Each structure stands twice: as C-alpha cells, then as structure tokens.
Amino acid sequence: MKGIILAAGKGTRLYPASQHVSKVLLPVYDKPMIYYPLSALMSAGITEIMVITSKDDRMYFKRLLGDGSQFGIKLKYAVQKVQRGIADAFLIAERFIDGGSVALALGDNIFCGDDMDELLAEAMAESDGATVFCKKVADPHAFGVAELDKDGKVVSLEEKPEEPKSDMAVTGLYFYDKDVVRFAKKLKPSARGELEITDINRMYMEEGRLHAIPLPESVAWADTGTFETLLKASNYIHDVEKNGRAMVGCPEQVALSRGYITKRQLLEWVSKFKETAYYSFVKDLANAE
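None of these values were measured; they are calculated from a predicted model.

**Student:** Would you mind going over the pattern of salt bridges with me for this structure?
**Tutor:** Under the defined criterion, the tally for this structure stands at 16 salt bridges. A salt bridge links R209 to D128; its shortest N-O distance comes to 3.1 Å. Of this pair, R209 sits in the loop between helix 7 (197–206) and strand 12 (210–214) while D128 sits in the loop between helix 5 (116–125) and strand 8 (130–136), placing them 81 residues apart in sequence. The buried category is assigned to R209, whose relative accessible area is 12%. Among the salt bridges present, the one from D179 reaches R209, with a minimum N-O distance of 2.9 Å. Within this pair, whereas D179 is found in the loop between strand 11 (168–176) and helix 6 (180–186), its partner R209 is found in the loop between helix 7 and strand 12, the two being separated by 30 residues in sequence. Just as D179 is buried, R209 falls in that class too.

Here it is as structure tokens:
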C-alpha cells in the first residue's frame with residue numbers, strides 16, 4: 001500500500017499565521033504539523049508516500065522532508081494547481097498509486113494514543129473496500145458524519161450536515177483498495193465546487209464495502225484547522241510529552257522502531273542538527289542500548 005498526504009490547502013482560517021506558508025508547516029507544539037500524519041502513515045507500515053502541496057509551498061516541504069531517506073522511506077511530491085477538494089488527490093496521484101491500494105492522510109489531522117498502532121494494523125489488514133476512522137465529537141455539523149447501526153456498519157454519510165444523524169465524525173485518515181481512482185473519476189463537483197471525499201466513501205458504502213473503525217477514548221484526534229484546535233492540540237501534545245508518556249508524531253522514532261533505519265543511520269542524521277529538546281530525544285534513541 002502507498003500513502004498520500006494532502007497538504008495543498010490554503011488554510012485561510014489560520015490567516016495571517018498561514019498567509020505566507022502552508023498551515024501544514026506550522027508548528028504543533030515542538031514539530032511541524034506534517035510530522036504527525038507522516039508518522040501515522042509510517043506507523044501503518046507505509047514507506048512510499050506522495051505529498052501533495054500547492055505550487056508555492058512545494059519547495060518548503062522538500063526542504064523540510066527531502067526524499068525521505070533519513071526516515072528510511074521514499075517521498076515524492078506533486079502539486080494541486082487548483083483547489084478541487086480532497087478527492088482530487090487520487091486523480092493527481094493516479095500514476096503514483098498505479099492501480100494499487102492507498103491510504104490518504106489529511107495534513108492537518110493528528111492522532112495520538114497507545115491503541116493507534118493496533119487500529120492502523122486493522123485498517124491495513126482490510127484488503128477489500130474502504131476503511132475510515134470515526135470519532136465521537138461534540139460538534140458533528142462541522143465534519144463529515146457517519147451514521148452507524150448497532151453492528152457498527154455505516155448506513156449513511158453526510159458532509160457537514162445542519163442536522164447530523166449521529167455524533168460520529170469521519171476523521172482525516174482513509175484507506176482504500178484499488179477501486180478508489182475509478183470512483184474518483186466518476187465524481188462531479190459538489191455545490192461548493194469540490195470533489196468530495198464523502199462522495200467516494202458513499203460509493204463504497206452503497207456497495208457494502210465501507211468499513212468504519214470507531215476511535216476509542218484512549219485515542220485523541222484533532223483537526224487543527226482553526227486557531228483554537230491548533231492551540232488545544234499543541235497543549236495536549238505538550239502534556240503527553242512532558243508527562244513522559246510518549247513522544248507524539250516523531251518520524252525518526254517510528255523509522256527506528258519499525259526497522260526502516262538503523263541506530264547508526266539515525267545518529268548520523270541527528271548529528272547534523274543543534275541540540276534541541278526534540279533532537280536530544282532522537283539522539284537518545286540512537287544511543288540507547
């Protein structure tokens with residue numbers, strides 16, 4: 001399976017902070033926002049990833065992430081020339097996907113929790129159809145909403161409904177089989193002029209091939225598209241890391257734990273940087289017995 005990180009949005013809700021640069025490059029506590037979805041895809045075992053950016057921001061992402069070799073993965077880049085919605089990512093990345101399965105992570109979505117690796121493995125093991133992660137939220141009208149029956153099957157999907165049928169938001173991490181590009185090509189722009197990811201999910205649902213994994217309370221999820229959610233996410237990650245429970249969204253740690261790189265390679269990489277709390281943590285990983 002290959003991966004896509006969609007990081008092409010203008011982030012107008014974060015202006016003026018994101019007026020000069022992609023919001024996905026803004027810091028969430030101690031690291032760039034894109035480190036979090038990148039770490040999630042890497043934790044799922046995905047090592048070939050395409051980052052879709054705007055034309056103006058592409059060079060900044062490449063400067064930050066390079067070709068991914070420092071993490072033991074392969075990164076490619078593509079440009080979304082016109083803002084056409086989330087589902088447009090599959091049309092942009094068609095040649096990269098090459099008829100296979102693919103996971104799509106939104107650049108501004110963050111997942112944190114001890115059970116997340118197990119849930120990612122569950123999504124990766126589902127070879128037929130699509131798999132989405134759902135989370136109970138207080139304001140479902142602001143998200144795509146999934147209605148689940150008593151057996152956990154998705155029975156309806158709505159995009160930012162005025163009167164939600166449930167409080168289960170569909171989060172920004174999706175897993176699809178080989179049919180996703182074919183479905184994307186059937187889409188027509190919605191009333192807001194976008195190719196909606198909810199419409200693709202609905203196609204899978206209508207065929208009985210949409211699987212939903214509810215995120216438990218032990219897994220936190222943040223859509224960092226506003227100043228309030230960005231601050232809440234930063235404070236939450238600060239608390240997790242300062243209390244010693246875990247480092248969140250550290251691709252170097254994921255790379256080492258999954259065997260993408262060796263400790264020697266990690267030490268060579270981290271030695272290029274000045275000592276900060278983040279790189280001190282990474283250096284300790286490389287030096288650990």
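**Student:** What's the story with the UniProt feature "domain: Nucleotidyl transferase" (unreviewed entry) in the protein chain in this structure? I'm lost.
**Tutor:** Under the present numbering, the feature "domain: Nucleotidyl transferase" (unreviewed entry) in UniProt falls on residues 2–238. Taken end to end, residues 2–238 has its terminal C-alpha atoms 31 Å apart, with 27% of it in helix and 28% in strand.

**Student:** Got a minute to help me understand the packing of aromatic side chains in this structure?
**Tutor:** Pairs of aromatic rings are described using the distance from one ring centre to the other and the angle between the two planes. Taken as a whole and assessed by the stated rule, the structure comprises 12 aromatic pairs. Ring centres of Y176 and Y204 lie 5.7 Å apart, and the angle between their planes is 35°; on these two criteria the pair is classed as tilted. Highlighted residues: Y176 in strand 11 and Y204 in helix 7, separated in sequence by 28 residues. Among the aromatic residues, ring-to-ring pairing joins Y35, F71, W269, F273, Y278 and Y279 into one connected group. Residue placement shows K2 over the ring face of F96; its charged tip is 4.9 Å from the ring centre.

Criteria and cut-off values
- Residues numbered from 1 in each chain as written.
- Predicted model: local features only at pLDDT ≥ 70, side-chain atom pairs only at ≥ 80, totals over all residues.
- Heavy atoms only, no water.
- Salt bridge = Lys/Arg side-chain N within 4 Å of Asp/Glu carboxyl O.
- Helix = DSSP H or I, 4+ residues; strand = E, 2+ residues; numbered from the N terminus.
- Buried < 20%, exposed > 50% of the residue type's maximum accessible area, 1.4 Å probe, protein only.
- UniProt positions renumbered as here; feature names shortened; annotations may be inferred.
- Phe/Tyr/Trp six-rings, centres within 6.5 Å; stacked < 30°, edge-to-face > 60°.
- Lys NZ or Arg CZ within 6 Å of the ring centre and 35° of its normal.

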